[in-house]
Amino acid sequence: MTLSSNQVTAMLPVKDMARARNFYEQQLALTPLGEKPDGKFVYRCGGTEIALFPRPGGTKADHTALSFKVDDIGAAIRELKGRGVTFADYDLPGLQTVEHVCVLGSEKAAWFQDPEGNILCLHEDVA
């Protein structure tokens, strides 16, 4: 068996399912697939699924939980900002953003958080 041909589901912990669903449906405009018997709520995104699962403590991660590949990061940022998404800016050694975008070798990236504290990213391949 090889996993390379299997669908992937990204699992994101949420404290407040209604608040999280509003963000993913209204601000990110993801396509809802529905609620599962175990309480997860699932979205289709490209060839993958994103599953929000209830967790009283929410996320403990301090890294990017998932990244959306886009063709034009500037346009994607403008569209999401128009729906109320707030992007992070950084001025750290090796990680600096200009208009929310950091160039990292062969890609551009921009980060934001969902209302549950999960760190999300947009990335565009440039090479």
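None of these values were measured; they are calculated from a predicted model.

Quick notes on the rules
- Note on numbering: residues in each chain are counted from 1, in written sequence order.
- Totals for whole chains, interfaces and linings use all residues, but because this is a predicted model, local features are given only for residues with pLDDT of at least 70 and pairs of side-chain atoms are given and counted only at 80 or more.
- Excluded from the side-chain calculations are hydrogens and water; all other atoms, namely the structure's heavy atoms, are used.
- Secondary structure elements follow DSSP: runs of H or I of four or more residues count as helices, runs of E of two or more count as strands, with numbering from the N terminus.
- As defined in this context, the radius of gyration uses C-alpha atoms, and a globule is described by 2.2 Å times the residue total to the power 0.38.
- A 1.4 Å probe rolled over the protein chains alone gives each residue an accessible area, and that area as a share of the maximum for its type sets the label: buried under 20%, exposed over 50%, partly exposed in between.
- Two residues qualify as a contact provided that any one of their heavy atoms is within 4.5 Å of a heavy atom in the partner residue.
- Accessible surface area values rest on a Shrake-Rupley calculation with a 1.4 Å probe, where residue burial reflects the displayed protein chains alone.
- For the charge count, each Lys or Arg is scored as positive and each Asp or Glu as negative, with His and the chain ends excluded.
- Where a charge lies is defined by one atom per residue type: Lys uses NZ, Arg uses CZ, Asp uses CG and Glu uses CD.
- Strands pair, by our definition, only if DSSP identifies at least two bridges between them.
- As a rule, the C-alpha atoms of each element are fitted with a line to give its axis, helices using only the stretch in contact, and angles between N-to-C directions run from 0 to 180 degrees.
- In the sections that follow, a salt bridge refers to a side-chain nitrogen of Lys or Arg positioned within 4 Å of a carboxyl oxygen of Asp or Glu.
- Classification of ring pairs uses Phe, Tyr and Trp, with its six-membered ring standing for Trp, and accepts pairs whose centres are within 6.5 Å; under 30 degrees between planes counts as stacked, over 60 as edge-to-face, and the remaining range as tilted.
- Here, a charge over a ring means that NZ of Lys or CZ of Arg falls within 6 Å of the ring centre while also lying within 35 degrees of the ring normal.

*Asks:* For the overall build of the protein, give the residues involved together with the corresponding values.
*Replies:* Of the regular secondary structure elements, the protein holds two helices and ten strands. Sequence-ordered secondary structure for the protein, helices as α and strands as β, is β-α-β-β-β-β-α-β-β-β-β-β. Taking 2.2 N^0.38 as the reference for a compact globule, 127 residues should give roughly 14 Å; the C-alpha atoms of the protein span a radius of gyration of 15 Å, in line with that estimate. In terms of principal-axis extent, the alpha carbons of the protein reach across some 45 × 35 × 25 Å. The buried share of the protein, taken over its 127 residues, is 39%. Looking at the protein alone, contacts between residues at least 24 apart form 53% of all its contacts between residues at least 6 apart. Total accessible area computed for the protein in this model is approximately 7500 Å², and 50% of it derives from carbon and sulfur atoms. Within the protein, one finds 13 positive and 17 negative side-chain charges whose respective centroids are separated by 5 Å.

*Asks:* Summarise the sheet that holds strand β5 (residues 64–69); cite the residues concerned and give the values.
*Replies:* The mixed open sheet is built from four strands, whose spatial order is β5-β10-β9-β8. Bordering the open sheet on either side are β5 and β8 (102–104), each of which pairs with just one other strand. Each neighbouring strand pair of the sheet contributes to a mean axis angle of 35 degrees, computed without reference to strand direction. Those strands touched by helix α2 (residues 73–82) are β9 (107–113) and β10 (119–125), and its axis lies near 145 degrees from that of β10.

*Asks:* How would you sum up the pattern of salt bridges? Please name residues and give values.
*Replies:* Counted under the stated rule, the structure contains six salt bridges. The closest approach of N and O atoms between D38 and K40, which form a salt bridge, is 2.4 Å. Salt-bridge contacts for E49 lead to R44; the nearest nitrogen and oxygen are separated by 3.6 Å. Note on E49: relative accessible area 15%, which makes it buried. We classify R44 as partly exposed; its relative accessible area is 31%.

*Asks:* Report on the packing of aromatic side chains, specifying residues and quantitative values.
*Replies:* Throughout the structure, instances matching the rule amount to six aromatic pairs. Measuring from centroid to centroid gives 5.3 Å for F23 and Y24, while their planes differ by 85 degrees, and the two rings are edge-to-face. The two residues F23 and Y24 agree in class, both being buried. Note on Y90 and W111: the rings are 5.8 Å apart at their centroids and 85 degrees apart in plane angle, and the pair reads as edge-to-face. Here Y90 is found in the loop between α2 and β6 (91–92), whereas its partner W111 is found in strand β9, with 21 residues between them in sequence. A residue is classified by how much of its surface remains accessible, and Y90, at 28% relative accessible area, is partly exposed. Members of the aromatic cluster, joined through ring pairs, are F23, Y24, F41, Y43, F87 and F112. Directly above the ring of F41 sits R21, whose terminal nitrogen or CZ lies 3.7 Å from the centroid.

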